[in-house]
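What follows is each chain in one-letter form.
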Amino acid sequence: GLHRQTAGAKHGLHPPQKFRVTVPEGKKGGDTMVVNVHGESRTIRIPHGHNDTDKPYLPGEKFYYTAKDTHKVYASTLPMIPGMEIIQSKPVIWATASLAFLRVRFNDQNEQTQMVKAVSDLLERAQNQLLEKAIDLECNAVLGMTINIANDSSGDMGNSKLVVVTVCGTPCSVLPLRNLPAVNAEAVVVPLYSDAM
C-alpha cells in the first residue's frame, strides 16, 4: 500500500500529542484561549461545536487539542540558517496574537512591567502558532521572519489599549549541508580568432 511520509518522519519531529482541554469561564466555542504545553504558552481555538454540530462548547466542557513539536522547528529572521541547506520553500505564512486591556494608573512602574511581560507572551504565542502552521505544511523551519507590534490607545480617552503582534515568515524544509569534496578546476584560454587569416 501507499505510505505518506509525515513531517515527523521527514524531519525528526515527534508525532503530535493529544491533550484534553477544559473550556474556561467566560469562553465558548469559536473563542481563543491560552494553554500551557510542556512549559510553553500556546493560543488555541476552541472548536465551534461538538462533532460539527450546532451545540457550542460551553465553560467546563472538555475537548481535545493536538500539540505539535514546535521546539524542533527552526525559527529565524535570517534568510538561511548557517550550516543548513534549503531544499524546499512554500508561500509566506503568518500568525497573530492580541491583548486588550484597560490602563488603571498612569506612569505606574508595576503596570509597565506587566505590559512588557504581556507583549513577550504575545510574541511567544504568535511564534508558536506560526511554527505549528509550518509543521502542517511539512516544513521544519520558518525563515526571514518579521515581527510587527501594533497598539491602539484610542478607546476610553486613551485608557483602553489594544496590542496586536503579527509574525510572518517563509516555511522551508532544511537539511544539514553535505560534506562535498573540493573541486579543482582548470581554465584553458582559447583565442576567438586564428592568426592564419
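The rules behind these values
- Residues numbered from 1 in each chain as written.
- Predicted model: local features only at pLDDT ≥ 70, side-chain atom pairs only at ≥ 80, totals over all residues.
- Heavy atoms only, no water.
- Helix = DSSP H or I, 4+ residues; strand = E, 2+ residues; numbered from the N terminus.
- Buried < 20%, exposed > 50% of the residue type's maximum accessible area, 1.4 Å probe, protein only.
- Contact = heavy atoms within 4.5 Å.
- Areas by Shrake-Rupley, 256 points an atom, 1.4 Å probe, with all protein chains shown as cover.
- Pairing = 2+ DSSP bridges.
- Salt bridge = Lys/Arg side-chain N within 4 Å of Asp/Glu carboxyl O.
- Core = buried A, V, L, I, M, F, W, Y, C linked by side-chain atoms within 4.5 Å.
- Phe/Tyr/Trp six-rings, centres within 6.5 Å; stacked < 30°, edge-to-face > 60°.
- Lys NZ or Arg CZ within 6 Å of the ring centre and 35° of its normal.
- Polar contact = N/O pair within 3.5 Å; in protein donor to acceptor, adjacent residues only side chain to side chain.

1. What about the overall build of the protein?
Point 1. Check the secondary structure of the protein and you find two helices and nine strands.
Point 2. Helices and strands in the protein line up, N terminus first, as α-β-β-β-β-β-β-β-α-β-β.
Point 3. Among the 197 residues that make up the protein, the fraction classed as buried is 32%.
Point 4. In the protein, the proportion of contacts linking residues at least 24 apart, taken out of those at least 6 apart, comes to 71%.
Point 5. Total accessible area computed for the protein in this model is approximately 13,400 Å², and 56% of it derives from carbon and sulfur atoms.

2. Considerations on the pairing of strand S2 (residues 32-37)
Every regular strand shows the same layout, with side chains that alternate between the two sheet faces.
Point 1. Residue alternation in S2 divides its side chains into a buried set, Met33, Val35 and Val37, and an unburied set, Thr32, Val34 and Asn36.
Point 2. Relative to strand S3 (residues 40-45), S2 runs antiparallel, the two being bridged by six bridges. Paired with Asn36 across the strands is Ser41, a residue of S3.

3. Focus: the pattern of salt bridges
Point 1. Evaluated as defined, the whole model comprises two salt bridges.
Point 2. Here Asp31 and Lys28 are joined by a salt bridge, their closest N and O atoms 3.6 Å apart.
Point 3. Of the charged contacts, one joins Lys55 and Glu61 as a salt bridge, the two residues approaching to 3.1 Å between their closest N and O atoms.
Point 4. For Lys55, a relative accessible area of 45% gives the class partly exposed.
Point 5. Judged by its relative accessible area of 22%, Glu61 falls in the partly exposed class.

4. With respect to the nonpolar core
Point 1. Counting residues in each nonpolar core, the largest one holds 17 residues, and the members touching the most others are Leu130, Val142 and Val167.
Point 2. Where this core is concerned, the elements lending two or more residues are strand S7 (93-102), helix H2 (109-136), strand S8 (141-155) and strand S9 (160-176).
Point 3. Residues Val21, Val23, Val37 and Ile44 belong to the second largest nonpolar core, which totals eleven residues.

5. Examining the packing of aromatic side chains
Point 1. Applying the stated criterion across every chain, the model contains one aromatic pair.
Point 2. The ring of Tyr64 is capped by Lys18, whose NZ or CZ atom sits 5.5 Å from the centre of that ring.

6. What about the environment of Glu40?
Point 1. With respect to the secondary-structure elements, Glu40 resides in strand S3.
Point 2. Note on Glu40: relative accessible area 18%, which makes it buried.
Point 3. When the C-alpha positions of Glu40 and Arg125 are compared, they lie 8.5 Å apart, and in sequence the two are 85 residues distant.
Point 4. When near neighbours in sequence (up to four residues on either side) are disregarded, Glu40 contacts Val35, Thr70, His71, Glu124 and Asn128.

7. Observations concerning the side chain of Asn128
Point 1. Assignment of secondary structure puts Asn128 in helix H2.
Point 2. Judged by relative accessible area, Asn128 falls into the buried class, the value being 7%.
Point 3. Each residue touching Asn128, except ones within four places of it in the same chain, is listed here: Glu40, Ser41, Arg42 and Thr70.

8. Some details on the side chain of Ser76
Point 1. Within the secondary structure, Ser76 is located in the loop between strand S5 (74-75) and strand S6 (84-89).
Point 2. Among the residues examined, Ser76 registers a relative accessible area of 15% and is labelled buried.
Point 3. At a separation of 2.9 Å, a polar atom in the side chain of Ser76 contacts the main-chain amide nitrogen of Leu78.
Point 4. Setting aside its immediate chain neighbours within four residues, Ser76 contacts Val142, Leu143, Gly144 and Met145.

9. What about unusual backbone geometry?
Point 1. With a phi angle near 60°, Glu138 is a residue other than glycine that sits in the positive phi range.
Point 2. You can see Glu138 is positioned in the loop between H2 and S8.

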